[in-house]
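# Notes for the structure review
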Amino acid sequence: MPRTPAQIAAIARGGYVLSDSEGAPELVLIATGSEVAVAVEAAKLLTAQGRRVRVVSMPCTSVFEAQDAAYRASVLPAGAKRVAIEAGSKESWWRFVGLDGAVVGMDTFGASAPAKKLFEHFGFTAANVAQVAAGLL
């Protein structure tokens, strides 16, 4: 995905704003790796519905957590609902979405199929993420 020089520099901070809403975001989609593309597509669906959505790419949660509070708040603003998308365990993402957020992830092990079918099976689709996010608003 194309990134600005500022975004490329922010990768070293563990998490950064990949795409933003016009005005304060009411919803933040947080993803890493292959899930970033799903978040971007879900943001497009939600934006088309009139929602203000920010997409945050978070390649390294521990590095992001080591940043100062002001930076973390600038990326994950208070007041916005949050959804994390993780094609693995949901467990570690709750600290970023809070009790009123959601995590689209897995709590099971052992499925085997082509990646596209697994993503659909476990809900890692733009349509599902948009539906989960809309349910928080």
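Read on for an overview of the structure.

About the cut-offs
- Residues numbered from 1 in each chain as written.
- Predicted model: local features only at pLDDT ≥ 70, side-chain atom pairs only at ≥ 80, totals over all residues.
- Heavy atoms only, no water.
- Helix = DSSP H or I, 4+ residues; strand = E, 2+ residues; numbered from the N terminus.
- Buried < 20%, exposed > 50% of the residue type's maximum accessible area, 1.4 Å probe, protein only.
- Contact = heavy atoms within 4.5 Å.
- Pairing = 2+ DSSP bridges.

## Re the side chain of S57
Residue position: S57 is located in strand β3 (residues 53-57). S57 gets classed as buried once you look at its relative accessible area, which sits at 5%. Apart from the residues within four sequence positions on either side, S57 is in contact with R3, G14, G15, Y16, L18, A31 and V36.

## A short note on the environment of F96
Relative to the elements of secondary structure, F96 occurs in helix α5 (residues 94-97). With residues up to four places along the chain from it excluded, the contact list for F96 reads I30, M58, T61, F64, E65, L76 and R82.

## Observations regarding the pairing of strand β4 (residues 81-89)
The pairing of strand β2 (residues 27-31) with β4 spans five bridges and is classified as parallel. Bridging across to β4, A31 finds its partner in I85. Two strands pair when backbone bridges link them, and β4 and strand β5 (residues 102-106) are joined in this way by four bridges, in the parallel orientation. Across the sheet, S89 pairs through a bridge with M106, a residue of β5.

The analysis is restricted to geometry; functional conclusions fall outside its scope.
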